[in-house]
Amino acid sequence: MIITKKNDENNAMHDGTPLGNIDGITRINDTIWISDWLAGDLMKSDGSNKQHLGQGLADIGSVGNMLYAPMMMDGTVNAWQP
């Protein structure tokens, strides 16, 4: 479960359901994005908006509203505004 601190209240951002082989995590505005290296999936912390990018999706990152997804098996980096 991911907990955030806002106005002295704990707000759960995930219900604790297993998401997979978590490798990367980054935040864009109020959305936390998580990558699963083994499955090659990218998803929001609540498990929604799952996108299959391919095995080897590595340590994702973000700058501003841009999401960067390195693909270790391909030697490439995908970048877009989700």
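In the block above lies the structure referred to throughout.
Residues numbered from 1 in each chain as written. Predicted model: local features only at pLDDT ≥ 70, side-chain atom pairs only at ≥ 80, totals over all residues. Heavy atoms only, no water.

### Remarks on the overall build of the protein
Okay, so step 1: Summing up its helical and strand segments, the protein has zero helices and nine strands in all.
Okay, so step 2: Along its sequence from the N terminus, the protein presents helices and strands in the succession β-β-β-β-β-β-β-β-β.
Okay, so step 3: For the protein, the proportion of its 82 residues judged to be buried stands at 28%.
Okay, so step 4: Within the protein, residue pairs in contact and separated by at least 24 positions form 24% of the contacts whose partners lie at least 6 positions apart.
Okay, so step 5: Element-wise, carbon and sulfur atoms account for 48% of the exposed surface of the protein, whose accessible area totals about 5100 Å². (Helix = DSSP H or I, 4+ residues; strand = E, 2+ residues; numbered from the N terminus. Buried < 20%, exposed > 50% of the residue type's maximum accessible area, 1.4 Å probe, protein only. Contact = heavy atoms within 4.5 Å. Areas by Shrake-Rupley, 256 points an atom, 1.4 Å probe, with all protein chains shown as cover.)

### Details of the sheet that holds strand 8 (residues 66-71)
Okay, so step 1: Spatially, three strands are ordered 7-8-9 in an open sheet, and the strand pairing comes out antiparallel. Each edge of the open sheet is held by one strand with a lone partner, namely strand 7 (61-63) and strand 9 (76-80). The mean angle between the axes of side-by-side strands here comes to 25°, regardless of whether they run parallel or antiparallel.
Okay, so step 2: Inspection of the sheet shows strand 7 paired to strand 8 by three bridges, in the antiparallel sense. Paired with G61 across the two strands is Y68, which belongs to strand 8. (Pairing = 2+ DSSP bridges. Axes fitted to C-alpha atoms, helices over the stretch in contact; angles between N-to-C directions.)

### Things to note about the sheet that holds strand 4 (residues 31-36)
Okay, so step 1: The four strands lie next to each other as 3-4-5-6, forming an open sheet whose pairing is antiparallel. With partners counted over all chains shown, the strands left at the sheet margins are strand 3 (22-28) and strand 6 (51-52), one partner each.
Okay, so step 2: Looking at chain direction, strand 3 and strand 4 are connected through six bridges and run antiparallel. When the bridges of strand 4 are listed, I25 appears paired with I34.

### Describing the pairing of strand 9
Okay, so step 1: Examined bridge by bridge, strand 8 and strand 9 share five bridges and lie antiparallel to one another. Note on strand 9: the bridge partner recorded for M71 is T76.
Okay, so step 2: Connecting strand 8 to the next strand, strand 9, in antiparallel fashion are four residues, including G75 with a positive phi near 70°.

### So, the nonpolar core
Okay, so step 1: By size, the foremost hydrophobic cluster in this structure holds eight residues: I28, W33, L42, L57, I60, L67, A69 and M71.
Okay, so step 2: Setting aside residues no more than four positions away along its own chain, A69 makes contact with L53, L57, I60, T76, V77, N78 and W80. (Core = buried A, V, L, I, M, F, W, Y, C linked by side-chain atoms within 4.5 Å.)

### Overview of the pattern of salt bridges
Okay, so step 1: Under the counting rule described, the total for this entry stands at one salt bridge.
Okay, so step 2: Here D30 makes a salt bridge to R27, at a shortest N to O gap of 3.5 Å.
Okay, so step 3: Residue classification places D30 among the exposed residues on the basis of a relative accessible area of 62%. (Salt bridge = Lys/Arg side-chain N within 4 Å of Asp/Glu carboxyl O.)

Honestly, it's all geometry; don't read function into it.
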